[in-house]
Amino acid sequence: SAIRKQAWTTDEDTKLLELVERHGPSNWSRIAAELPSRIGKQCRERWHNQLDNALSRHEWTEEEDRIIVNAVQTHGTKWSKIVKLLPGRTDNAIKNRWNSAMRRKIQEA
């Protein structure tokens, strides 16, 4: 069957949550085998970036912003290093925060 490149449906999300509960958040090719329209990489990314309950969905705090600014000054935009300083945030969320809001603030200062 063809691989989908479109948005995840509610049914797919529900099925992915059930499969991760059953198999754990690791064996992504095994999980994808039970979601015929998706591949392991899509399942892994959907879980880590959207569905994992450990993810923080609250508004960004001034403290988190300060951590990002200091980390970019120290490490540059090495999101894989910076993500370790902000539990519950994904590297992608941190990168988006930097690109959308913070970089502009710093340039204006």
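Definitions and limits used
One numbering rule holds for all chains: residues counted from 1, following each sequence as written. Reporting of local features is limited, given that this is a predicted model, to residues whose pLDDT is at least 70; pairs of side-chain atoms are given and counted only at 80 or more, and all residues count toward the totals for whole chains, interfaces and linings. Side-chain metrics rest on all non-hydrogen atoms present in the structure, leaving aside hydrogens and water. Under the pairing criterion, centres of Phe, Tyr and Trp rings, with the six-membered ring standing for Trp, must be within 6.5 Å; the plane angle then separates stacked pairs below 30 degrees from edge-to-face pairs above 60, leaving the rest tilted. Only Lys NZ and Arg CZ are tested; either one counts as a charge over a ring when it is within 6 Å of the ring centre and within 35 degrees of the ring normal. Here a helix means four or more residues in a row that DSSP labels H or I, a strand means two or more in a row labelled E, and each is numbered from the N terminus. A 1.4 Å probe rolled over the protein chains alone gives each residue an accessible area, and that area as a share of the maximum for its type sets the label: buried under 20%, exposed over 50%, partly exposed in between. A helix's residues, less one, multiplied by 1.5 Å, set its expected span. This arc is built from the directions going out from the helix axis to the C-beta atoms. The criterion used for residue contact is that any of the two residues' heavy atoms lie within 4.5 Å. Note on definitions: angles span 0 to 180 degrees between N-to-C directions of axes, and those axes are lines fitted to C-alpha atoms, for helices only across the stretch in contact. Note on terminology: angles under 35 degrees are roughly parallel, angles over 145 are roughly antiparallel, angles of 65 to 115 are roughly perpendicular, and the others are oblique. Each residue is assigned to one of three groups, with Ala, Val, Leu, Ile, Met, Phe, Trp, Tyr, Cys and Pro labelled nonpolar, Asp, Glu, Lys and Arg labelled charged, and all others, Gly among them, labelled polar. Buriedness for pockets is judged along seven lines, at least five of which must meet protein on both sides within 12 Å for an open set on the 1 Å grid over protein atoms alone, while cavities are sets there where a 1.4 Å probe fits but cannot get out, and lining residues have an atom within 4 Å of a point. Grid points are joined across faces, edges and corners, and a volume is the space filled by probe spheres set on the points. N or O atoms closer than or at 3.5 Å make up a polar contact, with two conditions inside protein: a donor-capable atom paired with an acceptor-capable one, and, for residues adjacent in sequence, both atoms drawn from side chains.

> Can you walk me through the packing of aromatic side chains in this structure?
Given two aromatic rings, one states the distance between the centres and the angle between the planes to describe the pair. Summed over the entire model, instances satisfying the criterion amount to zero aromatic pairs. Lying across the ring of Trp8, Arg38 places its NZ or CZ 4.2 Å from the centre. When the ring centre of Trp60 is taken as reference, the NZ or CZ atom of Arg89 above it lies at 3.8 Å.

> Would you take a moment to explain the environment of Lys95 for this structure?
The residue Lys95 is located in helix α6 (residues 91-108) in this model. Since its relative accessible area comes to 29%, Lys95 is described here as partly exposed. For the pair formed by Lys95 and Ser80, sequence separation is 15 residues and the distance between their alpha carbons is 9.9 Å.

> How do you make sense of helix α4 (residues 62-75) when you look at a structure like this?
The periodicity of an α-helix, 3.6 residues per turn, causes residues three or four positions apart to be oriented the same way. With 14 residues, α4 extends 20 Å from end C-alpha to end C-alpha; this agrees with the ideal 20 Å at 1.5 Å per step. Taken as a whole, α4 has its buried residues at Glu64, Asp65, Ile68, Ala71 and Val72. One face of α4 carries all of its buried residues, which in axial projection span an arc of 130°. Relative to its buried face, α4 has exposed residues pointing more than 90 degrees away, namely Glu62, Gln73 and Thr74.

> Before we go on, may I ask you to explain helix α3 (residues 40-51) in this structure?
Turning to α3, its buried residues are Gly40, Gln42, Cys43, Arg46, Trp47 and Leu51. The buried residues of α3 occupy an angular sector of 165° when the element is viewed end-on, so they sit on one face. Buried residues belonging to α3 abut α1 (10-23) and α2 (28-33).

> Explain the packing of α1 against α3 here, please?
Closest axis-to-axis distance for the α1/α3 pair is 11 Å, and the angle between their directions is 95°. The pairing of α1 with α3 is recorded here as roughly perpendicular in orientation. Contacts between α1 and α3 pair Asp13, Leu16, Leu17 and Val20 from the former with Cys43, Arg46, Trp47 and Leu51 from the latter. Residues of the contact of α1 with α3, tallied by class, amount to six nonpolar, no polar and two charged.

> Before we go on, may I ask you to explain the layout of surface pockets in this structure?
Considering only enclosed or pocket space, the largest pocket measures out at about 200 Å³ in volume. If you trace the largest pocket, you find it lined by Asn49, Gln50, Leu55, Ser56, Arg57, Trp60, Gly88, Arg89, Thr90, Asn92, Ala93 and Asn96. Broken down by secondary-structure element, the contributors of at least two residues to the lining of the largest pocket are α3 and α6. It is α6 that contributes the most residues to the lining of the largest pocket, three residues altogether. Residue composition of the lining of the largest pocket, by class: three nonpolar, seven polar and two charged.

> In this structure, what is going on with the side chain of His23? I would like to understand it.
Topologically, His23 is positioned in helix α1. Since its relative accessible area comes to 18%, His23 is described here as buried. Within the structure, His23 has its side chain in polar contact with the side chain of Arg30 (distance 3.4 Å). Polar contacts involving the side chain of His23 include one to the side chain of Glu34, which spans 3.0 Å. Look past the residues within four positions of His23 in its chain and what remains in contact with it is Arg30, Ile31 and Glu34.

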